[in-house]
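Listed here are the chains, written in short residue letters.
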Amino acid sequence: MTAWSPTSNDALLVIDMQRDFLPGGALAISGGDAILPGINSVASRFQHVILTQDWHPRGHISFSSTHQNRIPSGQTPSLTPEGRLILHTPYGVQELWPDHCVQGTAGAEFHPGLAIPHAELILRKGLHPKIDSYSAFMENDHQTPTGLAGYLRERGIARLFFSGVAYDFCVGFSAVAAARSGFESIVIEDLTRAIDLPNTVRSINAAFTETGVARIHSASLVLA
Ligand code: VGL
Ligand code: ZN
């Protein structure tokens, strides 16, 4: 068996493999640590690897704590019929989360099991106090780009493989945004894990179909 070799036009994106999203963290995704060895191993075959880091200021709009004991007009959290805690913001509906990935804290660090020393770029996102950014390409207001598309294009990278967490949030939103910006986008399904709130997996799968995001298994990265 020969190892499949990504070309110099391919990049692997490793989304938000930070302590807070993995078991023991503030917004732990169950089984998230189980994908670390697979991500490390696939990453070693890519020339171009980009890591993203959720990187929020204290009091970020996506933290439910930010909105407790406050009655600002139009900014009161509400519960959806399925039981999701959300906030209506000027840019649309925003889910609310426990405080996580606060800039400079231990929870925001990459998980110590992530071993990709040759990663060439660490992109931080979610820095704006009043706008969340699930996607590594476009903030949740759908109009503020992060600059990643320009970086990739300028370097001749046209095809993107996605891994990391969470499948139904940052991985999914990033893959959809990438496809919308003209990149060929492929999610390596077994190298991601979902938060799995009501309907979130179904809705991201529909967005994948609509935008042409492919889903593969990491085993298919190895050609006979
Ligand atoms: C994420 C929820 C909040 C993610 C980030 O990385 O998918 N999810 N912030
Ligand atoms: Zn976040």
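Above: the structure in question.
Residues numbered from 1 in each chain as written. Chains lettered and ligands numbered in written order. Predicted model: local features only at pLDDT ≥ 70, side-chain atom pairs only at ≥ 80, totals over all residues. Heavy atoms only, no water.

## Structural notes on the pattern of salt bridges
Rules: Only one rule defines a salt bridge in this text: a Lys or Arg side-chain nitrogen within 4 Å of an Asp or Glu carboxyl oxygen. Strands are runs of DSSP state E lasting at least 2 residues, helices are runs of H or I lasting at least 4, and numbering of each runs from the N terminus.
If you walk through the whole model with that rule in mind, you get eight salt bridges. Across the pair Lys125 and Asp16 runs a salt bridge whose closest N-O atoms are separated by 2.8 Å. On the criterion of sequence distance, the pair formed by Lys125 in strand E7 (residues 121-125) and Asp16 in the loop between strand E2 (10-15) and helix H1 (36-43) is long-range, its members being 109 residues apart.

## Describing the site of ligand 1
Condition: Residue proximity to a molecule or strand is established when one non-hydrogen atom of the residue lies within 4 Å of it. Distance and chemistry together define a polar contact, namely a pair of N or O atoms within 3.5 Å, with one atom able to donate a hydrogen and the other to accept it when in protein, and with adjacent residues in sequence counting only for side-chain atoms on both sides. Here the accessible surface of atoms and residues is derived via Shrake-Rupley with a 1.4 Å probe, and residues count as covered only by protein chains that are part of the display. Side-chain classes follow a simple rule in which Ala, Val, Leu, Ile, Met, Phe, Trp, Tyr, Cys and Pro form the nonpolar group, Asp, Glu, Lys and Arg form the charged group, and the remainder, Gly included, forms the polar group.
Lining the immediate environment of ligand 1, one finds Asp16, Phe21, Asp54, Trp97, His100, Tyr134, Val165, Ala166, Phe169, Cys170 and Ile195. For ligand 1, a nitrogen atom lies 3.0 Å from a polar atom in the side chain of Asp54. Note that a nitrogen atom of ligand 1 is positioned 3.1 Å from one of the side-chain N or O atoms of His100. Protein burial of ligand 1: of its 260 Å² of free accessible surface, 100% is covered by the chains. Taken together, the residues of the shell around ligand 1 sort by class into eight nonpolar, one polar and two charged.

## Considerations on the pairing of strand E5 (residues 85-89)
Using the following cut-off: A pair of strands counts as paired when DSSP detects no fewer than two bridges linking them.
Pairing between strand E4 (residues 78-79) and E5: two bridges, direction antiparallel. Paired with Ser78 across the two strands is Ile86, which belongs to E5. Counting the residues that bridge the hairpin from E4 to E5 gives five residues, and of these Gly83 lies at a positive phi of roughly 95°. Note: E5 against strand E6 (residues 92-95), four bridges, orientation antiparallel. Looking at the pairing, Leu87 lines up with Gln94 of E6.

## What about the coordination of the zinc ion (ligand 2)?
The criterion, for reference: Only N, O and S atoms count as donors, using a 2.8 Å limit from the metal and a wider 3.2 Å limit for Na, K and Ca, and since water is excluded some coordination spheres may look unfilled. Angular criteria define each label, namely tetrahedral for four donors with all angles between 85 and 135 degrees, square planar for four and octahedral for six donors with opposite donors over 155 degrees apart and remaining angles between 65 and 115, and irregular for whatever fails these tests.
Surrounding the zinc ion (ligand 2) are the protein donor atoms Asp54 (OD), His56 (NE2) and His100 (NE2), at 2.0 to 2.2 Å. Classification of the site at the zinc ion (ligand 2) as irregular follows from its four donor atoms and the range of 86 to 172° in their angles at the metal. When the donors of the zinc ion (ligand 2) are listed by position in the chain, the intervening gaps give D-x1-H-x43-H. Of this pair, His56 sits in the loop between strand E3 (49-54) and E4 while His100 sits in the loop between E6 and E7, and the two are 44 residues apart along the sequence.

Fair warning: the whole summary comes from geometry, so function is off the table for now.
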